[in-house]
Amino acid sequence: RVTDGPNGARGTEMGPTGPTAACLPCGAALGATWNPELVAEVGAVLGAEARTKGARVLLAPTVNMHRSPLAGRNFECYSEDPLLSGKMGAAMTAGAQSRDVLVFMKHFLLNDQEVNARSGVHVWANEQAIRELYLRPFEITVKEADASGAMSSFVHIGHKWSGGNPELLQDVLRGEWGFDGVVSTDAVLGGFMDNRLAVRNGNDLMLDVLSPSNNIKQLEKAYEEDPVGIGEGLRDRVHTLCYSLLQTTLFE
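Note that the structure is a prediction, hence the values are computed from the model and not measured.

Colleague: I would appreciate a short explanation of the overall build of the chain in the present structure.
Modeller: Counting secondary structure elements, the chain contains 9 helices and 9 strands. Computed over C-alpha atoms, the radius of gyration of the chain comes to 17 Å, within 12% of the 18 Å expected from 2.2 N^0.38 for 252 residues, which places it in the range of a compact globule. When the 252 residues of the chain are sorted by exposure, 51% land in the buried category. In the chain, once contacts between residues fewer than 6 apart in sequence are set aside, the share between residues at least 24 apart is 74%. Only carbon and sulfur atoms are counted for the fraction: they give 56% of the accessible area of the chain, which is about 11,800 Å².

Now the structure itself:
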């Protein structure tokens, strides 16, 4: 079971009948403290709260950038500065993981606006800007806190969807940074979030809450068409999932 999100662990039911949750300070407020030790304590509280909801995966922290003052998720993010964002993200991750929860830093990558994000908006940036600004908070979170998970974003970087982008997920995240955790999509809300690309290119889970049966049918068809390619991809995805779960006390 997974739970959202960065400033509170939601239960399985929403609304007044669902379980209550502590509302922790939002990312922008935590970033303004410039206090990684405090943020690590907040992360530990959030991880413990996730466990009370029966969840072992926390969909947080959000380490995207304050790219625009009009971005709809700025409250979840720490700052417009990549170093500060990375230090806070690493602290939150370490704190939550200390409570034996898998943490999915998000949204990887360039999900720094809400307008058309869920329809797979195409975002353009050069490699220098991507590496110096937008990748940097994620890199710090992986290298300093050994992040156990990442959530790929809705957006396309150029013409490639982030959840099926081998340069992003395999070359940079796993290859350059040594990340060995799980990668999940954001909520599957459109056909552009293609599980055939995901399984081949390093995205381990499809967060499909609307039509999981269609997701399964599409993957079965893809396997019939390319049993070697899809089979090898599925082997790698299952290996990653099993390895990550075994790093927790889930089976003790």
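Colleague: Would you mind showing me how to read the pattern of salt bridges here?
Modeller: Side-chain pairs of opposite charge can arise where the charged atoms are in close proximity. Summed over the entire model, instances satisfying the criterion amount to 17 salt bridges. The partner of lysine 106 in a salt bridge is aspartate 4, with the nearest N and O atoms 3.0 Å apart. A residue pair is termed long-range when its members are at least 10 positions apart, and lysine 106 in strand E3 (residues 102–108) and aspartate 4 in the loop between strand E1 (2–3) and helix H1 (27–31) qualify at 102 residues. By relative accessible area, which is 1% here, lysine 106 ends up buried. Through salt bridges with shared partners, one network takes in Arg73, Glu76, Glu114 and Arg118.

Colleague: Would you take a moment to explain the packing of helix H8 (residues 212–225) against helix H9 (residues 227–246) for this structure?
Modeller: Helix-helix packing: each pair is described by the crossing angle between the helix axes and the interaxial distance. For the pair H8 and H9, the least separation of the axes is 6 Å and the interaxial angle reads 125 degrees. By the angle between their directions, the pair H8 and H9 is classed as oblique. Of H9, the residues touching H8 (which contributes Leu219, Ala222, Tyr223, Glu224 and Glu225) are Pro227, Ile230, Gly231 and Leu234. Looking at the contact of H8 with H9 residue by residue, the class counts come to 6 nonpolar, 1 polar and 2 charged.

Colleague: Hey, could you run me through the sheet that holds strand E7 (residues 160–161) in this one?
Modeller: Sheet strands line up and pair through hydrogen bonds in the backbone, either parallel or antiparallel. Spatial ordering of the open sheet is given by E4-E6-E7, a layout of 3 strands whose pairing is mixed. Of all strands in the sheet, those with a lone pairing partner are strand E4 (122–123) and E7, marking the two edges. The pairing of strand E6 (residues 156–157) with E7 spans 2 bridges and is antiparallel. Paired with histidine 156 across the bridge in E7 is tryptophan 161.

Colleague: It is not clear to me how a nonpolar patch on the surface should be interpreted in this structure. Could you clarify?
Modeller: Residues Leu189, Val209 and Leu210 make up a contiguous nonpolar surface patch of about 310 Å² in total accessible area. The topology assignment puts leucine 189 in the loop between strand E8 (182–187) and helix H7 (195–201).

Colleague: What should I look at first to understand the sheet that holds E3 in this one?
Modeller: Taking strand neighbours across the sheet as the criterion, the 6 strands line up as E1-E2-E3-E5-E8-E9 in an open arrangement whose pairing is parallel. Since the sheet does not close on itself, it has two edges, and those belong to E1 and strand E9 (205–207), each with one partner. In this sheet, E9 lies alongside E8 in parallel orientation, the contact comprising 2 bridges. Within E9, the residue paired with serine 184 across the bridge is leucine 205.

Colleague: What is the right way to look at the pairing of strand E5 (residues 149–152) in this model?
Modeller: Regular strands place their side chains on alternate faces of the sheet. The side-chain alternation of E5 yields two buried faces, one formed by Gly149 and Met151 and the other by Ala150 and Ser152. Note: E5 against E8, 3 bridges, orientation parallel. Bridge pairing links alanine 150 to valine 183 in E8.

Colleague: Explain the side chain of arginine 56 here, please?
Modeller: Mapped onto the elements, arginine 56 comes out in the loop between helix H2 (36–52) and strand E2 (57–58). A distance of 2.7 Å separates the side chain of arginine 56 from the side chain of aspartate 100, its partner in a polar contact.

Colleague: Teacher, can you tell me more about the nonpolar core here?
Modeller: Side chains of nonpolar character tend, in soluble globular proteins, to be buried together. Residues Phe108, Leu109, Leu110, Leu135, Leu173 and Trp177 are the most contacted members of the largest nonpolar core, which totals 41 residues. Those elements that place two or more of their residues in this core are H2, helix H3 (82–97), E3, helix H4 (127–134), helix H5 (136–145) and helix H6 (166–176). Every residue in contact with leucine 110, bar those within four places of it in the chain, is listed here: Asn64, Arg67, Val123, Ile130, Tyr134, Val155 and Ile157.

Colleague: I would appreciate a short explanation of the packing of H2 against H3 in the present structure.
Modeller: Between H2 and H3, the least distance of the axes is 6 Å, while the angle of their chain directions is 40 degrees. In terms of axis orientation, H2 runs oblique to H3. As H2 packs across H3, the resulting crossing turns out to be right-handed. For the pair H2 and H3, the contacting residues are Pro36, Val39, Ala40, Val42, Gly43, Ala44, Leu46 and Gly47 in the first and Lys87, Met88, Ala91, Met92, Gly95 and Ala96 in the second. Partitioned by chemical class, the residues of the contact of H2 with H3 number 10 nonpolar, 3 polar and 1 charged.

Colleague: Sorry, what's going on with the pairing of E3 here?
Modeller: For E3, the tally of buried residues reaches 7 of 7 residues, placing the bulk of the element in the interior. Remark: the E2/H3/E3 crossover connection has right-handed handedness. Bridging between E3 and E5 involves 4 bridges; their strand directions are parallel. The residue bridging phenylalanine 104 from the neighbouring strand is glycine 149, located in E5.

Parameters and conventions
Residues numbered from 1 in each chain as written. Predicted model: local features only at pLDDT ≥ 70, side-chain atom pairs only at ≥ 80, totals over all residues. Heavy atoms only, no water. Helix = DSSP H or I, 4+ residues; strand = E, 2+ residues; numbered from the N terminus. Rg over C-alpha atoms; globule rule 2.2 N^0.38 Å. Buried < 20%, exposed > 50% of the residue type's maximum accessible area, 1.4 Å probe, protein only. Contact = heavy atoms within 4.5 Å. Areas by Shrake-Rupley, 256 points an atom, 1.4 Å probe, with all protein chains shown as cover. Salt bridge = Lys/Arg side-chain N within 4 Å of Asp/Glu carboxyl O. Axes fitted to C-alpha atoms, helices over the stretch in contact; angles between N-to-C directions. Parallel < 35°, antiparallel > 145°, perpendicular 65-115°, else oblique. Nonpolar A, V, L, I, M, F, W, Y, C, P; charged D, E, K, R; others polar. Pairing = 2+ DSSP bridges. Patch = residues over 30% accessible without salt bridge, like charges linked within 9 Å, V, L, I, M, F, W, Y side chains within 5 Å. Polar contact = N/O pair within 3.5 Å; in protein donor to acceptor, adjacent residues only side chain to side chain. Core = buried A, V, L, I, M, F, W, Y, C linked by side-chain atoms within 4.5 Å. Left-handed = near helix turned anticlockwise from the far one by under 90°. Right-handed = clockwise from strand over helix to strand, strands pointing away.

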